[in-house]
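What the coordinates show
These are the residues of each chain, in order.
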There are 4 protein chains.
Amino acid sequence: MEALVLEKAHELSLRDIQIPETLGPHDVRIALHTVGVCGSDVHYYDTGAIGQFVVREPMVLGHEAAGTIIEVGSDVQGLKVGDRVCMEPGIPDPNSKATRLGIYNLDPAVRFWATPPVHGVLRPTVVHPAAFTFKLPDNVSFAEGAMVEPLAVGMHGANKAQIKPGDLAVVIGAGPIGMVTLLSALAGGCSRVVIADVQQPKLDLAATLGPVTPVNVAQENLTDVVMKLTDGWGADIVFEASGNAKAAAGVFEPLCPAGRVVFIGIPGQPIAFDVSAAQVKEARIENVFRYAHVYPRAIALMGSGLLDVKPLITNTFGFEDSIAAFDFALHMPPDSVKVQITLPQ
Amino acid sequence: MEALVLEKAHELSLRDIQIPETLGPHDVRIALHTVGVCGSDVHYYDTGAIGQFVVREPMVLGHEAAGTIIEVGSDVQGLKVGDRVCMEPGIPDPNSKATRLGIYNLDPAVRFWATPPVHGVLRPTVVHPAAFTFKLPDNVSFAEGAMVEPLAVGMHGANKAQIKPGDLAVVIGAGPIGMVTLLSALAGGCSRVVIADVQQPKLDLAATLGPVTPVNVAQENLTDVVMKLTDGWGADIVFEASGNAKAAAGVFEPLCPAGRVVFIGIPGQPIAFDVSAAQVKEARIENVFRYAHVYPRAIALMGSGLLDVKPLITNTFGFEDSIAAFDFALHMPPDSVKVQITLPQ
Amino acid sequence: MEALVLEKAHELSLRDIQIPETLGPHDVRIALHTVGVCGSDVHYYDTGAIGQFVVREPMVLGHEAAGTIIEVGSDVQGLKVGDRVCMEPGIPDPNSKATRLGIYNLDPAVRFWATPPVHGVLRPTVVHPAAFTFKLPDNVSFAEGAMVEPLAVGMHGANKAQIKPGDLAVVIGAGPIGMVTLLSALAGGCSRVVIADVQQPKLDLAATLGPVTPVNVAQENLTDVVMKLTDGWGADIVFEASGNAKAAAGVFEPLCPAGRVVFIGIPGQPIAFDVSAAQVKEARIENVFRYAHVYPRAIALMGSGLLDVKPLITNTFGFEDSIAAFDFALHMPPDSVKVQITLPQ
Amino acid sequence: MEALVLEKAHELSLRDIQIPETLGPHDVRIALHTVGVCGSDVHYYDTGAIGQFVVREPMVLGHEAAGTIIEVGSDVQGLKVGDRVCMEPGIPDPNSKATRLGIYNLDPAVRFWATPPVHGVLRPTVVHPAAFTFKLPDNVSFAEGAMVEPLAVGMHGANKAQIKPGDLAVVIGAGPIGMVTLLSALAGGCSRVVIADVQQPKLDLAATLGPVTPVNVAQENLTDVVMKLTDGWGADIVFEASGNAKAAAGVFEPLCPAGRVVFIGIPGQPIAFDVSAAQVKEARIENVFRYAHVYPRAIALMGSGLLDVKPLITNTFGFEDSIAAFDFALHMPPDSVKVQITLPQ
């Protein structure tokens, strides 16, 4: 089949590749329709590796995907040919202790699309377990379906935050993950989100997504804004979604007593963590790794119209322009959030 | 001052009454603007008592209130003359164990407006602790401010439910408390609310409030509807807001495994509780008594536009027509939800 | 193999029975050593059914078991021939939604030993999944190992109660489940357990198990005792372990504000549940169905010497006297708690 | 009255000092019996300051105290002259938002004994609010009563950890706070504590306190020990009680997936926090600042015999030798844990 193959760092091909896949009794085969470009895809393109994961052989990219079921395994229930679906890209070992405990995202044996040596899905079809394939409501498009994967990260963060209705949240970082965290925080019960970044176009977009207070931290002090909004009490929740080590070190400053911090962004190096600053507020810190059990919840909120990801889909390319899409994503302009690629049907 | 006085069961007067009040250092004096009529007010009017609370002397009615500050005590901070506010009607003993633990609503010594022998606020002014007086945003009207009290009950229920973003909730009962619970569940992260009642006009109104599935249980089976919506899994949360003993006994049927039940309505007699039905799903049951720490959260959600109580305010009377308002509320038509009374300014 | 077979109600045989079992790659084969007699075994003996579960064909009894591994499947890790082990008697469907969420005890497809039509383990050997087979420390005997099953019920109840160190708990009922709940509550952080029953010998035994206040409710008022111990505040937790409908209806009386109730016993009929009594204290009610993820925790506490079940093992019979053991258990004297049967090795 | 006065850094006097105190209606007056020496007392002696708190005027030291009530205010209930008691040293502002929420330890206005400019209690008598004065059971000595203050820190940490019965915990640091954390973890439901330090005498003492595995990290690798004990899964909880920045940076290594970390020790500078290491395990981090609502729980566990602090009281001095006691504490030998001072009665 023809696929977008990362040959090695800096070298993409749109070419035929053999990916032998057999349909097991609990599997479905899906014709891909839309695949989003994630920062991790771009990072593999740019450097050939993420941490311990190194691209040693040609690998198909892409893991944010939606499509249509074209074949179902013999024991599959609840899904049928023709269903429009989106898919979780990670498949855990069903016999691991983490999986049995319900925290399958923490299973070290998870096989995740477009993480070496596992192929991604910028290709015509894929075989996938039915248990990790989710039907889309009629009013949710393929493009929105392909957004469920990044959205799930924000939703998982919102879950971990244990939002109480009416909380005020800070989101640090207005990139794709910051944006989906903002949407998840509002859909999850926050009354207002203060979002911090240095790119004004991203803040301008964020400000259109609901009761949002954008703060350009190149010009304004985040803590000052939060303290003014909360009569000096502080934010109930701070979501760190920038991955910036300096920003991550400052999470306790705008936080309220007994507030919660959620680390979603992944700083490249250890951050300076002021334990006594966390202690004087008895901050609870949660750390997020991908997501678990979130897809049906994200889809339900999108289907109900309570969470709208469409404003985040800023650029769409055809499959034949996949390499151009990646080159665009590599030098993303500040008013772009999410690049998607549409496959021929 | 002129007040709406319940002389005894069935006898209301709009007359002068002496209510000596001194302004302490932590108090404010408020000119009332809008006061809602609660089912409990109507019940005292109709029967002269609620459980152990018996009207033995003339008592002013009304506890759902908003108004304007006209005087502030010497030590009050954060509030000033002219502020538009709403008030919590219950004042706990600051030295009780429950209050110290942060669960002041469970303090048996709470003094609550319009609960014998404490006067309510269908009168020109009242003195109240600043700590239980909350500023309204400019975009929240007095009428909405007077809705915060009943809304707080639903919000407290939503808090207790520990909603996870994307949950599907059932609300049993589409009276005023069912309606505010529905709004709180949606604002608090639910993706859909299934609301059950037998009065079609109330269900029709509920259906306009968001992603809501109305079920007229005189014609449809609630559990069937829920199971169809959830592929046989069940609702994450069931809010019992009808106070109907038979309905309350059925809460486990539409519930999912490990689901949560919140009892908000107060059945007049013990209900038949099927422990084994609760056990096979390991239901968690929460019980709600008024609310605590909820007012600022409710006001924040209203100010952000994420929770709109205006559709619930169906009937407004002038203060001079207060007795007519109560007679209307006593025989409420099915398309009415909340009656409010506006005081002369 | 020779097994204790329930032919039908009131008829037990110690006889040969064919139970074809193949050892899968993730299974182990165990030679049984000790099997406890559970109230449910006795109930099947006495009536031939429990609720919807009816003994229609001869069935081997027994599900509280410990033994020695005599064969291991090809993919088994962490267990080897000769290991002394105890086993969870219920095996869930690994592909069910409940199992994936980590709440495998709520999977309706669970196959549970000695629950029709699944054979129990009063027989020489059994094949079982390694994932539900747990190694015993050297200082934990087979007899104690066979107690882990009932203990797990109490431990699961203690988990659900979310004990805070220093809590005072009430346990209603001093039968085997009440006793293991008492031990679990103390090991789990309670500072004292008040245990209520009408059988003085059971209370006398309970009183030897730690900081325990026995209350013979035929002579004393439970709530009075609790309120005296807590200066009128009430118990932090009430565990209902009697299954008595009248006792279960009274759980809110000795409870403190914001206290927790855990229903472990299974009343035969619905109980009269006073919602308003639960509301005025905002009781949280948890319901327990068997257990999940508890065995390793129970074994760890026993191995550490922090939880001692030995005093509860009051009567031991040889396998050849199994029928006598059941007849004894059917008319259990008040100073007996747990009957066990030892198999020939 | 004669008191132990810190005149300035390095200078202690046992001398008369005037401390005017009036007994309010909700207060009691206590004759001090035993006062423990805390690391913070020693630090003020050694340096004259802790962070922002600087000793600018002579200040009485001591805040770990027990004594006997000698006078009660007019509105005090539940306490009487002659009662043996211990006291919380911090008094919050009853009108602060934090206090109203039940998190009074986070109120920035707390007045805390022996924290400038508030006098401590190494003196004959003190006036204190009854609400923060707790009766000791007959079987709890004054010496044990004076241990409740440091114990409360460990108990609060154990509360925050949300121990599940049977958890395995690591405690880093075997100083006084590490020791009380160990005791709290075991009393709170842990099945085993692995304690790490470099001082062998402290580890030897810790090993006598229950099911404890001491690890001398100068000789052994902590993570190796934990992984061996847990079959490679990791510890459920890691309590950081050393305040050592390097040790604190390593907390995620021995932790299990979805484990909890509690920071109790206060490192003098920011620690290097590896967010990605925390994320891959989705660690939850709790931060502890003193304690709230813990005294009655600590006293209950001590009174029940489930938690024994006596082995930690290694050195006792008479009041007349107070300065010698501080000099001893300043150069504490490795086999000493807690120094206490007994006042003349």
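Each value, and the rule that gives it
- Residues numbered from 1 in each chain as written.
- Chains lettered and ligands numbered in written order.
- Predicted model: local features only at pLDDT ≥ 70, side-chain atom pairs only at ≥ 80, totals over all residues.
- Heavy atoms only, no water.
- Least-squares fit on C-alpha atoms with pLDDT ≥ 70 in both.
- Contact = heavy atoms within 4.5 Å.
- Buried area = accessible area lost by both parts, 1.4 Å probe.
- Salt bridge = Lys/Arg side-chain N within 4 Å of Asp/Glu carboxyl O.
- Phe/Tyr/Trp six-rings, centres within 6.5 Å; stacked < 30°, edge-to-face > 60°.
- Lys NZ or Arg CZ within 6 Å of the ring centre and 35° of its normal.
- Domains from an automatic or database assignment.
- Axes fitted to C-alpha atoms, helices over the stretch in contact; angles between N-to-C directions.
- Helix = DSSP H or I, 4+ residues; strand = E, 2+ residues; numbered from the N terminus.
- Parallel < 35°, antiparallel > 145°, perpendicular 65-115°, else oblique.
- Left-handed = near helix turned anticlockwise from the far one by under 90°.
- Nonpolar A, V, L, I, M, F, W, Y, C, P; charged D, E, K, R; others polar.
- Pairing = 2+ DSSP bridges.
- Buried < 20%, exposed > 50% of the residue type's maximum accessible area, 1.4 Å probe, protein only.
- Arc of directions from axis to C-beta.
- Polar contact = N/O pair within 3.5 Å; in protein donor to acceptor, adjacent residues only side chain to side chain.
- pLDDT = per-residue confidence, 0-100.

Details of the relation of the copies chain D and chain A
Once chain D is rotated about the relating axis by 180° and shifted along it by 0.0 Å, it coincides with chain A to within an RMSD of 0.0 Å. The two molecules are tied by a two-fold rotation axis, judged by turn and shift. Here 100% of the contact residues of chain D are again contact residues in chain A; the copies associate through an equivalent surface.

Comments concerning the interface of chain D and chain A
On the chain A side, the residues contacting the 36 residues of chain D number 36 residues. Summing both partners gives a buried area of about 3,000 Å² for chain D against chain A, and 60% of it is carried by carbon and sulfur. A per-residue breakdown of the area chain D buries against chain A is headed by Gln-279, Glu-282 and Asn-287 of chain D, which together make up 24% of the total. For the interface between chain D and chain A, the tally reads four salt bridges.

Some details on the packing of aromatic side chains
Taken as a whole and assessed by the stated rule, the structure comprises 30 aromatic pairs over all chains. Arranged with centres 5.8 Å apart and planes meeting at 45°, the rings of Tyr-291 of chain A and Tyr-295 of chain A form a pair that is tilted. The structure contains a cluster of three or more aromatic residues connected by ring pairs, namely Phe-252, Phe-263 and Phe-273 of chain A together with Phe-252, Phe-263 and Phe-273 of chain D. Across the ring face of Phe-112 of chain B, the terminal group of Arg-290 of chain B is positioned such that the distance to the ring centre comes to 3.9 Å. The side chain of Arg-84 of chain D reaches across the aromatic face of Phe-142 of chain D, ending 4.6 Å from its centre.

A short note on the interface of chain A and chain B
Contacts between the two partners involve 22 residues from chain A, matched on the other side by 22 residues from chain B. Between chain A and chain B, a total of about 1,600 Å² is buried, with carbon and sulfur atoms accounting for 53% of that surface. Along the contact surface separating chain A from chain B lie four salt bridges. In this structure, the salt-bridge partner of Asp-236 of chain A is Arg-297 of chain B, at a minimum N-O distance of 4.0 Å.

Quick look at the relation of the copies chain A and chain B
Rotating chain A by 180° and moving it 0.0 Å along the rotation axis overlays it on chain B with an RMSD of 0.0 Å. When you check the interface residues of chain A against chain B, 100% turn up at the interface there too, and the contact is symmetric in its surfaces.

Quick word on the domain arrangement of chain A
Residue and element names in this part refer to chain A. In terms of domain boundaries, chain A breaks down into domain 1 (2–147 + 309–342) and domain 2 (157–287). Placing the centre of domain 1 and that of domain 2 at their C-alpha centroids yields a distance of 29 Å. At the interface, nine residues of domain 1 touch nine residues of domain 2. Between domain 1 and domain 2, roughly 730 Å² of surface is buried when both sides are summed, and carbon and sulfur atoms account for 81% of that area. Summed over the three residues of domain 1 that lose the most area to domain 2, namely Leu-312, Pro-334 and Val-337, the buried surface amounts to 63% of that side. Applying the counting criterion to the domain 1 and domain 2 interface returns zero salt bridges.

Considerations on the packing of helix H3 (residues 142–161) of chain C against helix H4 (residues 176–187) of chain C
Residue and element names in this part refer to chain C. At a minimum axis distance of 8 Å, the contact between H3 and H4 shows a crossing angle of 60°. Comparing their axes, H4 and H3 come out oblique. By crossing handedness, the relation of H3 to H4 is classed as right-handed. Counted together, Met-147, Pro-150, Leu-151, Val-153, Gly-154, Met-155 and Ala-158 of H3 and Ile-177, Val-180, Thr-181, Ser-184 and Ala-185 of H4 form the full contact between these two elements. Its residues assigned to classes, the contact of H3 with H4 shows nine nonpolar, three polar and no charged.

Notes on the sheet that holds strand E15 (residues 212–216) of chain B
Picture the strands of a sheet paired through backbone hydrogen bonds; they go either parallel or antiparallel. Taken together, 12 strands build an open sheet; the order of strands is E15(B)-E14(B)-E13(B)-E16(B)-E17(B)-E19(B)-E19(C)-E17(C)-E16(C)-E13(C)-E14(C)-E15(C) and the sheet is mixed. Every other strand in the sheet has two partners, leaving E15 of chain B together with strand E15 (212–216) of chain C as the edge strands with one partner each. Neighbour-to-neighbour, the strand axes of this sheet turn through a mean angle of 15°, independent of strand direction. With five bridges connecting them, strand E13 (residues 168–172) of chain C and strand E14 (residues 192–197) of chain C associate as parallel partners. Each residue of the ladder has a partner; that of Ala-169 of chain C, found in E14 of chain C, is Val-193 of chain C. Of the strands in this sheet, strand E13 (168–172), strand E14 (192–197), E15 and strand E16 (235–240) of chain B touch helix H4 (residues 176–187) of chain B, which is tilted by about 170° from E14 of chain B.

Remarks on the pairing of E16 of chain B
The two faces of the sheet receive side chains in turn, since in a regular strand these alternate between them. All names here are of chain B. Burial analysis of E16 places six of its six residues in the buried class, which makes it a mostly covered element. One ladder, built from four bridges, connects E13 with E16; its direction is parallel. When the bridges of E16 are listed, Ile-172 appears paired with Glu-240. Direction of pairing for E16 relative to strand E17 (residues 255–263): parallel, over a ladder of five bridges. Bridged to Ile-237 within E17 is Arg-260.

Quick look at the packing of H3 of chain C against helix H9 (residues 295–303) of chain C
All names here are of chain C. Taken N-terminus to C-terminus, the directions of H3 and H9 make an angle of 115°; their axes are 9 Å apart at the nearest point. Relative to H9, H3 is oriented so that their crossing is right-handed. On H9, the residues touching Glu-144, Val-148, Glu-149, Leu-151, Ala-152 and Met-155 of H3 are Tyr-295, Arg-297, Ala-298, Ile-299, Leu-301 and Met-302. Taken together, the residues of the contact of H3 with H9 sort by class into nine nonpolar, no polar and three charged.

A short note on helix H6 (residues 222–229) of chain C
Residue and element names in this part refer to chain C. Along H6, the residues classified as buried are Leu-222, Thr-223, Val-225 and Val-226. End-on view of H6: buried residues confined to an arc of 160°, all on one side of the axis. Exposed residues on H6 whose side chains face more than 90 degrees from its buried face are Asp-224 and Lys-228. For H6, the elements touching its buried residues are E13, E14, E15 and strand E16 (235–240). Structurally, the start of H6 carries an N-cap: the backbone nitrogen of Thr-223 is 3.0 Å from a side-chain oxygen of Asn-221. Positive phi shows up at Asp-231, right after H6, with a value of about 55°.

Notes on the side chain of Arg-123 of chain C
All names here are of chain C. For Arg-123, the position within the fold is in the loop between strand E10 (111–112) and strand E11 (125–129). For Arg-123, the side chain forms a polar contact with the side chain of Glu-21, separated by 3.2 Å. One polar contact links the side chain of Arg-123 to the main-chain carbonyl oxygen of Gly-120, over a distance of 2.7 Å. What Arg-123 contacts, discounting residues up to four positions off in sequence, is Met-1, Glu-2, Ala-3, Ile-19, Glu-21, Leu-32, Val-60, Phe-319 and Leu-343.

Some points on unusual backbone geometry
If a residue is not glycine, its phi is most likely negative; likewise, a peptide bond is most likely trans. With an omega of 5°, the peptide bond running from Pro-116 of chain C to Pro-117 of chain C counts as cis. Structurally, the position occupied by Pro-117 of chain C is in the loop between E10 and E11. Positioned with a positive phi, Arg-290 of chain A is a non-glycine residue whose angle comes to about 50°. In this fold, Arg-290 of chain A is placed in the loop between strand E19 (284–287) and helix H10 (295–303). Here Arg-290 of chain A falls in the partly exposed class, since its relative accessible area comes to 26%. Within the chain, Glu-282 of chain B stands out as a residue other than glycine whose phi angle is a positive 45°. Secondary-structure assignment places Glu-282 of chain B in the loop between helix H8 (275–280) and strand E19 (284–287). Glu-282 of chain B sits in the buried class, given a relative accessible area of 5%.

A word on the environment of Val-198 of chain C
Residues and elements named next belong to chain C. Position of Val-198 relative to the elements: it lies in the loop between E14 and helix H5 (200–206). Relative accessible area serves as the criterion here: at 52%, Val-198 is assigned to the exposed category. Sequence-distant contacts of Val-198, that is, excluding residues within four places in its chain, are made with Asn-216, Val-217 and Ala-218.

Examining the sheet that holds strand E14 (residues 192–197) of chain A
Spatially, E15(A)-E14(A)-E13(A)-E16(A)-E17(A)-E19(A)-E19(D)-E17(D)-E16(D)-E13(D)-E14(D)-E15(D) is the arrangement adopted by the 12 strands of the open sheet, whose pairing is mixed. Unpaired on one side and paired on the other, strand E15 (212–216) of chain A together with strand E15 (212–216) of chain D mark the two borders of the sheet. Neighbouring strand axes in the sheet, compared pairwise and without regard to direction, differ in orientation by 15° on average. Note that strand E17 (residues 255–263) of chain D and strand E19 (residues 284–287) of chain D share four bridges and pair parallel. Of the residues in E19 of chain D, the one forming a bridge with Phe-263 of chain D is Asn-287 of chain D.

Quick look at the confidence of the model for chain A
Per-residue confidence for chain A averages 97 on the pLDDT scale, and 100% of its residues sit at or above 70. What the predictor reports for the complex is a pTM of 0.97 with an ipTM of 0.96.

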